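Fold and geometry: a report
One-letter residues, chain by chain:
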Amino acid sequence: MGSLFRSEEMALCQLFLQSEAAYACVSELGELGLVQFRDLNPDVNAFQRKFVNEVRRCDEMERKLRYLEKEIKKDGIPMLDTGESPEAPQPREMIDLEATFEKLENELREVNQNAEALKRNFLELTELKHILRKTQVFFDESVPTVYKSSGAYSSSKYRRYPQMADNQNEDEQAQLLGEEGVRASQPGQNLKLGFVAGVILRERLPAFERMLWRACRGNVFLRQAMIETPLEDPTNGDQVHKSVFIIFFQGDQLKTRVKKICEGFRATLYPCPEAPADRREMAMGVMTRIEDLNTVLGQTQDHRHRVLVAAAKNLKNWFVKVRKIKAIYHTLNLFNLDVTQKCLIAECWVPLLDFETIQLALRRGTERSGSSVPPILNRMQTFENPPTYNRTNKFTKAFQALIDAYGVASYREMNPAPYTIITFPFLFAVMFGDLGHGAIMALFGLWMIRKEKGLAAQKTDNEIWNIFFGGRYIIFLMGVFSMYTGLIYNDIFSKSLNIFGSHWHMSYNKSTVMENKFLQLSPKVDYEGAPYPFGMDPIWQVAGANKIIFHNAYKMKISIIFGVIHMIFGVVMSWHNHTYFRNRISLIYEFIPQLIFLLLLFFYMVLLMFIKWIKFAATNEKPYSEACAPSILITFIDMVLFNTPKPPPDHCETYMFFGQHFIQVLFVLVAVGCIPVMLLAKPLLIMQARKQANEEVQPIAGATSDAETGGVSNGGSHGGGGGHEEEEELSEIFIHQSIHTIEYVLGSVSHTASYLRLWALSLAHAQLAEVLWTMVLSIGLKQEGPVGGIVLTCVFAFWAILTVGILVLMEGLSAFLHTLRLHWVEFQSKFYKGQGYAFQPFSFDAIIENGAAAAEE
Amino acid sequence: MKICGPKLSLCGLIISVWGIVQLVLMGLFFYINSVALIEDLPLEEEYHSLEDFYAAANRAYNQNAYNCWIAACIYVLTLLLSAQQFYMNSRVTAN
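Chains are numbered independently. Their residues run from 1 in the order of the written sequence. Each chain gets a letter, beginning with A, and each ligand a number, beginning with 1, in the order they are written. This being a predicted model, a pLDDT of at least 70 is required before a residue's local features are given, and a value of 80 or more before pairs of side-chain atoms are given or counted; all residues contribute to the totals for chains, interfaces and linings.

Looking at UniProt, one finds chain B named Ribonuclease kappa, with Drosophila melanogaster as its source organism. UniProt positions are given in the numbering used here, feature names are shortened, and annotations may be inferred rather than shown by experiment. Listed in UniProt under the heading Subcellular location, the comment for chain B reads: "Membrane". Per UniProt, the comment on chain B under Sequence similarities is "Belongs to the RNase K family."

The name given to chain A in an unreviewed UniProt entry is V-type proton ATPase subunit a, with Drosophila rhopaloa as the source organism. Here chain A is described in UniProt, under the heading Sequence similarities (unreviewed entry), as follows: "Belongs to the V-ATPase 116 kDa subunit family." Turning to chain A, the UniProt annotation filed under Function (unreviewed entry) states: "Essential component of the vacuolar proton pump (V-ATPase), a multimeric enzyme that catalyzes the translocation of protons across the membranes. Required for assembly and activity of the V-ATPase."

1. Let's talk about the overall build of chain B
Within chain B, the regular secondary structure consists of two helices and zero strands. Put simply, the radius of gyration uses C-alpha atoms, and a globule should come to 2.2 Å times the residue count raised to 0.38. Since a compact globule built from 95 residues should have a radius of gyration of about 12 Å, the 19 Å found for chain B marks it as more spread out than a globular shape. Along the first, second and third principal axes, the C-alpha atoms of chain B reach 70 × 20 × 15 Å. Every one of the 95 residues in chain B was classed for burial, and the buried ones make up 24%. We call two residues in contact when their backbone-placed C-beta atoms lie within 7 Å. When contacts within chain B are restricted to residue pairs at least 6 apart in sequence, those whose partners lie at least 24 apart make up 80%. By definition, any uninterrupted DSSP run of H or I lasting at least four residues is a helix, any uninterrupted run of E lasting at least two residues is a strand, and each is numbered from the N terminus. As a rule, residues whose C-beta atom has 12 or fewer other C-beta atoms within 10 Å are exposed, those with 20 or more are buried, and those in between are partly exposed; C-beta atoms are placed from the backbone.

2. With respect to the overall build of chain A
Across its full length, chain A holds 26 helices and eleven strands. Taking all 857 residues of chain A together, 31% fall into the buried category. By sequence separation, contacts in chain A at least 24 residues apart represent 79% of the contacts at least 6 residues apart.

3. Description of the UniProt feature "transmembrane region" in chain B
On the UniProt side, "transmembrane region" is annotated at positions that read residues 12-32 and 68-88 of chain B here. Annotated as 95% helix and 0% strand, the span residues 12-32 of chain B places its first and last C-alpha atoms 30 Å apart.

4. Some words on the packing of helix H13 (residues 435-450) of chain A against helix H25 (residues 788-827) of chain A
Residue and element names in this part refer to chain A. Interhelical geometry of H13 versus H25 gives an angle of 75° and a closest axis separation of 11 Å. Classified by the angle their axes make, H13 and H25 are roughly perpendicular. Facing H13, whose interface residues are His-437, Ile-440 and Met-441, H25 presents Val-804, Leu-807, Val-808 and Gly-812. Note on residue classes: Ala, Val, Leu, Ile, Met, Phe, Trp, Tyr, Cys and Pro are nonpolar, Asp, Glu, Lys and Arg are charged, and everything else, Gly too, is polar. Looking at the contact of H13 with H25 residue by residue, the classes come out as five nonpolar, two polar and no charged. Fitted lines through C-alpha atoms give the axes, limited to the stretch in contact for helices. The angle between two N-to-C directions lies from 0 to 180 degrees. Each angle gets one of four labels, with under 35 degrees taken as roughly parallel, over 145 as roughly antiparallel, 65 to 115 as roughly perpendicular, and the rest as oblique.

5. Topic: the pairing of strand S1 (residues 10-18) of chain A
Residue and element names in this part refer to chain A. Alignment of S1 against strand S10 (residues 343-351), held across nine bridges, turns out to be antiparallel. By the bridge assignment, Leu-17 is partnered in S10 with Leu-344. Should DSSP find at least two bridges between two strands, the strands are regarded as paired. Where S1 lies against strand S11 (residues 376-380), five bridges are found, and the strand directions are antiparallel. Along S11, the bridge assignment pairs Gln-14 with Asn-378.

6. Re the pairing of strand S7 (residues 242-250) of chain A
Regular strands show a simple pattern: their side chains alternate between the two faces of the sheet. Among the nine residues in S7(A), nine count as buried, and that is most of the element. Of the two faces of S7(A), the one carrying A:Lys242, A:Val244, A:Ile246, A:Phe248 and A:Gln250 and the one carrying A:Ser243, A:Phe245, A:Ile247 and A:Phe249 are both buried.

7. Topic: the environment of B:Ala36
Tracing the backbone through its elements, the reader meets B:Ala36 in the loop between helix H1 (6-31) and helix H2 (50-94). The partly exposed category is assigned to B:Ala36, around which 17 C-beta atoms lie within 10 Å. Once residues within four sequence positions are removed from consideration, B:Ala36 is found in contact with A:Lys495, A:Ser496, A:Asn498, A:Pro538 and A:Gln541.

8. A closer look at helix H23 (residues 730-754) of chain A
Residues and elements named next belong to chain A. Here the expected length of a helix is defined as 1.5 Å per residue gap, with one fewer gap than residues. With 25 residues, H23 should reach 36 Å at 1.5 Å per residue; the first-to-last C-alpha distance of 34 Å fits that figure. Maximal helix bending in H23 amounts to about 35°, located at Gly-747. Taken as a whole, H23 has its buried residues at Gln-737, Thr-741, Tyr-744, Ser-748, His-751 and Thr-752. Buried residues in H23 make contact with helix H18 (547-580), helix H19 (584-615), helix H21 (660-696) and H25. To get the bend at any residue, fit one axis to the seven residues that end at it and another to the seven that begin at it, then take the angle between the two axes.

9. Considerations on unusual backbone geometry
Residues and elements named next belong to chain A. With a phi angle near 65°, Arg-412 is a residue other than glycine that sits in the positive phi range. Mapped onto the elements of the fold, Arg-412 is located in the loop between helix H11 (396-406) and helix H12 (417-431). The phi torsion at Arg-582 lies on the positive side, around 50°, for a residue other than glycine. Mapped onto the secondary structure, Arg-582 falls in the loop between H18 and H19. A count of 13 C-beta atoms within 10 Å places Arg-582 in the partly exposed class.

10. Quick word on the confidence of the model for chain A
All names here are of chain A. pLDDT runs from 0 to 100 and stands for how confident the predictor is about each residue. Confidence in the prediction of chain A, expressed as mean pLDDT, is 84, and 89% of residues score 70 or more. No element of chain A has a lower mean pLDDT than helix H4 (residues 146-149), which averages 41, and none a higher one than helix H16 (residues 472-489), which averages 96. Note on residues 143-175: pLDDT under 50 across the span, and 43 contacts to partners over four residues away in sequence or across chains. Note on residues 700-725: pLDDT under 50 across the span, and 49 contacts to partners over four residues away in sequence or across chains.

11. Points about the sheet that holds S7(A)
Backbone hydrogen bonds hold the strands of a sheet together, and the pairing may be parallel or antiparallel. Residues and elements named next belong to chain A. An order of S4-S7-S3-S8 is seen for the four strands of this open sheet, with the pairing classed as antiparallel. Sheet topology places strand S4 (221-226) and strand S8 (268-270) at the edges, where each strand pairs with a single neighbour. Averaged over all neighbouring strand pairs, the angle between strand axes comes to 25°, with direction disregarded. Bridge count for S4 against S7 is six bridges, and the pairing is antiparallel.

12. What to know about the interface of chain A and chain B
Listed as interface residues are 21 residues of chain A and, on the opposing side, 17 residues of chain B. Sorting elements by how many residues they give to the side of chain A that touches chain B places H25(A) first, with eight residues. Of the residues contributing to the side of chain A that touches chain B, the split by class is nine nonpolar, eight polar and four charged.

13. Some points on the environment of A:Leu792
Locating A:Leu792 in the fold gives a position in helix H25. Taking the C-alpha atoms as reference points, A:Leu792 and A:Lys782, separated by ten residues in sequence, lie 8.9 Å from one another. Discounting residues that sit within four places of it in the chain, A:Leu792 has contacts with A:Gly780, A:Leu781, A:Gln783, B:Asn67, B:Cys68 and B:Ala71.

14. Some remarks on the nonpolar core
With 53 residues, the main nonpolar core has A:Phe428, A:Met431, A:Ile474, A:Met478 and A:Leu758 as its most contacted residues. Grouped together as the second largest cluster of nonpolar side chains are 48 residues, A:Leu15, A:Ala22, A:Leu315 and A:Ala346 included. By convention the nonpolar core is taken to be a set of buried residues drawn from Ala, Val, Leu, Ile, Met, Phe, Trp, Tyr and Cys and joined through C-beta atoms within 7 Å.

15. Describing the packing of helix H7 (residues 205-215) of chain A against helix H8 (residues 252-264) of chain A
Residue and element names in this part refer to chain A. It is at 11 Å that the axes of H7 and H8 come closest, and there the two elements cross at 155°. Considering the angle they form, H7 stands roughly antiparallel to H8. H7 and H8 meet at a crossing whose hand is right-handed. For the pair formed by H7 and H8, the contact residues are Met-211, Leu-212 and Ala-215 on the first element and Arg-257, Val-258 and Ile-261 on the second. With the far helix as reference, a near helix turned anticlockwise by less than a right angle produces a left-handed crossing, and one turned clockwise produces a right-handed crossing.

16. Describing the UniProt feature "transmembrane region" (unreviewed entry) in chain A
Residue and element names in this part refer to chain A. The feature "transmembrane region" (unreviewed entry), as given by UniProt, occupies residues 421-449, 469-489, 558-576, 591-611, 662-681, 758-781 and 787-810 in the numbering adopted here. When the span residues 591-611 is considered, its composition is 100% helix and 0% strand, and the gap between its end C-alpha atoms is 28 Å. Between the end C-alpha atoms of residues 787-810 the distance is 33 Å, and the span holds 96% helix and 0% strand.

17. What to know about the environment of A:Gln840
All names here are of chain A. Within the fold, Gln-840 resides in the loop between H25 and helix H26 (844-856). With 12 C-beta atoms packed within 10 Å, Gln-840 lands in the exposed category. Taking the C-alpha atoms as reference points, Gln-840 and Ser-762, separated by 78 residues in sequence, lie 40 Å from one another.

Encoded structure:
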């Protein structure tokens, strides 16, 4: 088992495969997922490779499957997903699969075509049915009395109700046109009124009406009625609303114009007989035809459903098979063909520990293909940097992902992930310390961990959920750690728990308490002397005036202490890197001065804090009483700037211990002295080494000097990468070193200050929680009388939602991001290069998962 | 009978359980006159004598304790309601 501390050792291997065994072997390797193949024909384009035909066939099969999937989804048939992954089929099975898919696709297409034609037919008939029914209404709306009394009224009135339903044809035109019509017909012109009936989309109707009016100058008459039930569009299956219209006009010219307009508006016109008897007959015929069509449509649907249900059972299985075949041929395309065409040559990165497993898989593949010649796996020497492979499990995976998001580790570099497992939740919890909020977070994480299998099985596209689920162990740990720091801060939803009994006691008498608004408890008299057993004393909860001041002093110091320890740990990690890569120069002239600089300045400040805590107390006599305690920050500033400290108050001392002034001056001088060592020593030594090498081996200067100095100058030569690289120019080395040094020196100042965010966010979180309690929940609690309970119920629900939304989710996110920054910048900058590239093995699992995700988008 | 959807009923379930636990505990703390909760009592700014203050504070503590327990009881009802709804919803999706 590889360790998490460094990435796996990798080897570049050459693989010789018999051409007939190649398919089976690659298939076995794909199941294993431990081999990363390199492209051996990078200059051959995708269409000229050997197995391009097979890949294309797989693409075609995949297209057919996607078509099937789309149809199945459209019908809402559940797809059977057993989650098992069938083995890649033999190449000869591909033909069977192709035939099956071909047959299915053709059948489905045919059924769909038929169904569409039938549906179109059905739609036409339904529309005709509606036309007949509606026009019947138009024709029936006759006002038989109009004609008789027409003389007495103005014509416009009657126009509104034209009648055509009367059997007497001679009346028809007259009634329609009212008086004018009658008058017009009187001279003997036979005016024939024509009409067309049809169906149009409802939203087009107003425009259609206006157009008709304008184009025909108001000489046509339009009636319309809505079809109440929506109709199904046969092409895309949408439900559309339509309206029936009927247009009356006079003359052929108008008729052509009206028809043109109808065409333009995509209205469908239907023949509608004029005589009512014909219409009735037609309606009957239409009804019977609709019924016939319905049965045929039902049968077609049944057939389609049967086909799809049969396909749905195997669909996922087929997808997996096809994707596997495609992946295998894709991989085979990366291989080199031997001159004799008998064998394929591949180059691949392999983790050294899995050498045996891979050889076993290859043997299995050979046996399965029935080939007699075993494949040869041959280790090669290379100067290239191998890929970085960190073996993770479900627990460490999320932490490794946090590190990799910053940059994939260089090959065999120290991996910060194992330390992050502890430091990440801890630094998060320092900012998020609250027992209640931590418990909510931990419970959420615990629920995800307990239901892990079930939740993992139901894959969703919900990105936010996937992030939460991926980080379930981080969330759980962050929650548990926050509960711990919550207990230390003695905060549960901003209230304190008095578990052990406060160690402060009141010594004022009744009258003093009654008369004073504020009273100070003296630590000398009112404090027991021994601290509260665990965390903050609950007395601070009721200290309204100086609770925050007290907490700030504590939390600021704590954050600086954690920060300095974290950074020192980071510097020590660089020691592991230097010793591993045998980089003596960096070890002596980089690591040691860096460590000294950090220890003498910042760790000394941390020590001062502890000295102050231990030496000064309210119960002590004067030079060490609480009034004499110096400010650490001022002391530190004076130390670095060589200032003379301000004279202390009476009977106090300037320095905390004997010889402090001397030690401080010495420390600063040594720390400053470290800077030129970091800056110049390494480049100068490299320069010297190069000069020597050139003098010694002048005649054969080329390879050896390169290899030697190259190895010295860039530490990562362990895997045999040094000699391959160009020798860095000296000026460049100087520039790099100076940038690195400046970054480190300035960085250690700014990074130390940066850890104060631990205090700042913790303060903000505690205050926000308190505000939420007093502004929301307190309102519910302060209600008097019996309604109080009911009000409290509502207010509590509101408070609970705000607590989760603002304090746990938003504050949690912000604390998470700050923790991430502290790890990426403040911690990793001390040792982590992160210039590697990730190991991407050829694995069916990954390919199928990606394929499914891509298809769902 | 189905009134609320699966998400709302789940939300109701969680808030109810949380409410029951926290309100029962808070009621208990009010009942034992916890000093930490004194700022949440309906008290006046000033009292004339110590006895007045103690009497008022005790009354307020008891009343708040009962209010908390009443609210917890209401949450028991909402818990039952959302549990029934949740059950209905899960049965619908199972079918």
